[in-house]
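Read off the chains here:
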Amino acid sequence: MNIEKIMQSLEAKHPGENEYLQAVREVLMTIEKEYNSHPEFEKAKIAERLVEPDRIFTFKVPWVDDRGDVQLNLGYRIQFNNAIGPYKGGLRFHPSVNLSILKFLGFEQIFKNALTTLPMGGAKGGSDFNPKGKSDAEVMRFCQAFMLELWRYIGPETDIPAGDIGVGGREIGFMYGMYRKLARENTGVLTGKNMEFGGSLIRPEATGFGGLYFVKQMFETAGMYIKDKTIAISGFGNVAWGAAIKATEMGAKVVSISGPDGYIYDENGISGEKIEYMLELRATCNDIVSPYAEKFGAVFVPNRRPWELKVDIALPSATQNELNEEDAKHLIENGVLCVGEISNMGCTPEAIELFLKHKIMYGPGKAVNAGGVATSGLEMSQNAMHLSWTSTEVDAKLHQIMSEIHSQCVKYGRESDGYINYMKGANIAGFLKVAKAMMAQGVL
Ligand code: 2IT
């Protein structure tokens, strides 16, 4: 495989799509050796075929705000690869959304979904719509207008969207209602639904829970324990909430959460009602975390990121590239033991390089946060069977899946000195599954 040639050709075709190019380069670099030991992959141009999405839908989303003014947004769905199962992946509503971000997310989703052991291909979608400060009625009208276009391209056996940043239970409900009306079917085409109409127990917590199951295994594999360790989590959304619950349950101490306005430092630990308060904060739609400090008497550090804190574990749980080289240096100087990305591509390539160089336990998003989409897969199974599992059943399956993902990372990521390169392990394991499926099915 000639990585530079592939990258040059991609850059020429998609100039400026930096997040997408970053995600592709990382995967190609880490699978290169394995890839080259399979001449049949090279002959079938698996790498070249895998890095371009199968297709991209872009559509206009006009809607009317509460003042009666017409608003326009752009909507997207990227169907990246369905070699191992129907397209599956979230929808992100955020003003930063563009093709580069959705293509990086869709590309990552292919390998993440392959790692879950469930038959799901990779996809992603969303809009540059900003839910911040919008009323429920505005969000409803936007979601309905969005689905009026999207419904043609999705289906319970072809493409199953879900939530991501800016898309939670409320948005999924509105979109599901519109899909159901247009398609005249109740097949569970979206995951992350409320319990009353086909949702799965544990789905809201699953990304955070799965992340902590994975991090716990990383510690145990290294002969250490997560109990009593201090943790900084970035973000205060759904993912950070689930992570804080499980971390606290495991006996660790979460000392920081954060928002776009800065970070909270709570030396007493963020537990119990403080964790539940995160949901209240989120419901206000103002996207600021500072009210936590006033309510619970904690420290608020404006306009800074939590990675300057001395903690044992750092869990980026907000968005891509939220932990850079400078942050990595601070964490390493402060003796961090483990960095687990619960967000997608939370660390920059320079930060990852430093973690690997210093043999810090580093878990990449596509492994650490796979519990979310895995539980979406379990929601699809329940919908297809027209039944509902108990939370104990779903949680046990989630636990099992995270263990499987961890084992795959160890299998392909262990280096000669015993250090486990989880990034390499996750990329190779995910890639091999998809590549073998593509080989078996011919040139498509
Ligand atoms: O990034 C992700 O894996 C998600 N946003 C969840 C996707 C899903 O289909 O549940």
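My aim in this report is to walk through the structure given alongside it, one point at a time.

Reading the values: the criteria
- Residues numbered from 1 in each chain as written.
- Predicted model: local features only at pLDDT ≥ 70, side-chain atom pairs only at ≥ 80, totals over all residues.
- Heavy atoms only, no water.
- Salt bridge = Lys/Arg side-chain N within 4 Å of Asp/Glu carboxyl O.
- Helix = DSSP H or I, 4+ residues; strand = E, 2+ residues; numbered from the N terminus.
- Buried < 20%, exposed > 50% of the residue type's maximum accessible area, 1.4 Å probe, protein only.
- 1 Å grid on protein atoms, 1.4 Å probe; cavity = no way out; pocket = protein on both sides within 12 Å on 5 of 7 lines; lining within 4 Å.
- Points joined across faces, edges and corners; volume = space filled by probe spheres on them.
- Nonpolar A, V, L, I, M, F, W, Y, C, P; charged D, E, K, R; others polar.
- Pairing = 2+ DSSP bridges.
- Axes fitted to C-alpha atoms, helices over the stretch in contact; angles between N-to-C directions.
- Phe/Tyr/Trp six-rings, centres within 6.5 Å; stacked < 30°, edge-to-face > 60°.
- Lys NZ or Arg CZ within 6 Å of the ring centre and 35° of its normal.

Before going further, it helps to examine the pattern of salt bridges. Oppositely charged side chains can form a pair if their charged atoms are brought close together. For the structure shown, the criterion picks out 21 salt bridges. Here D136 makes a salt bridge to R170, at a shortest N to O gap of 2.6 Å. A residue pair is termed long-range when its members are at least 10 positions apart, and D136 in helix α6 (residues 136–150) and R170 in helix α7 (residues 169–183) qualify at 34 residues. The closest approach of N and O atoms between E249 and K246, which form a salt bridge, is 2.8 Å. Taken together, the positions of E249 and K246, both in helix α9 (residues 238–249) and three residues apart, correspond to about one turn of that helix. By relative accessible area, K246 is classed as buried at 6%. Among the charged side chains, a network of salt bridges with common partners joins E26, E108 and K366.

Glancing now at the layout of surface pockets. Space left empty within the atom packing is revealed by a probe, the size of a water molecule, rolled over the atoms. Approximately 370 Å³ is the volume attributed to the second largest pocket. The wall of the second largest pocket is formed by 16 residues, among which E26, M29, T30, P349 and M423 lie closest to the centre. Those elements that place two or more of their residues in the lining of the second largest pocket are α2 (18–36), α13 (349–357) and α17 (422–441). At six residues, α13 tops the list of elements feeding residues into the lining of the second largest pocket. Grouping the amino acids of the lining of the second largest pocket by side-chain chemistry returns six nonpolar, three polar and seven charged.

Turning to the sheet that holds strand β3 (residues 87–93), a few remarks are in order. The strand order across the open sheet built from five strands is β1-β2-β4-β3-β5, with neighbouring strands paired in mixed fashion. Edge strands, defined here as strands with exactly one partner in the open sheet, are β1 (55–64) and β5 (159–162). On average, each strand axis in the sheet is tilted by 20° relative to the strand beside it, whichever way the strands run. In terms of strand pairing, β3 meets β5 through four bridges, oriented parallel.

Quick look at the packing of aromatic side chains now. What the rule picks out here adds up to 22 aromatic pairs. Each ring, one from F80 and one from F107, has its centre 5.7 Å from the other, and the planes form 55°; the classification is tilted. Residue F80 is found in strand β2 (residues 70–81), and its partner F107 is found in helix α5 (residues 99–115); the two are separated by 27 residues along the sequence. Residue classification places F107 among the buried positions, given a relative accessible area of 1%. With 6.2 Å between their ring centres and 20° between their planes, F355 and Y362 make a pair best called stacked. Given the relative accessible area of 1%, Y362 is considered buried. Site record: aromatic cluster; members linked through ring pairs are F57, F59, W63, F93, F129, F142, F146 and Y153. Sitting over the ring of Y176, K193 keeps its end group 5.7 Å from the ring centre. Positioned above the aromatic ring of F209 is the side chain of K246, whose terminal nitrogen or guanidinium carbon lies 4.4 Å from the ring centre.

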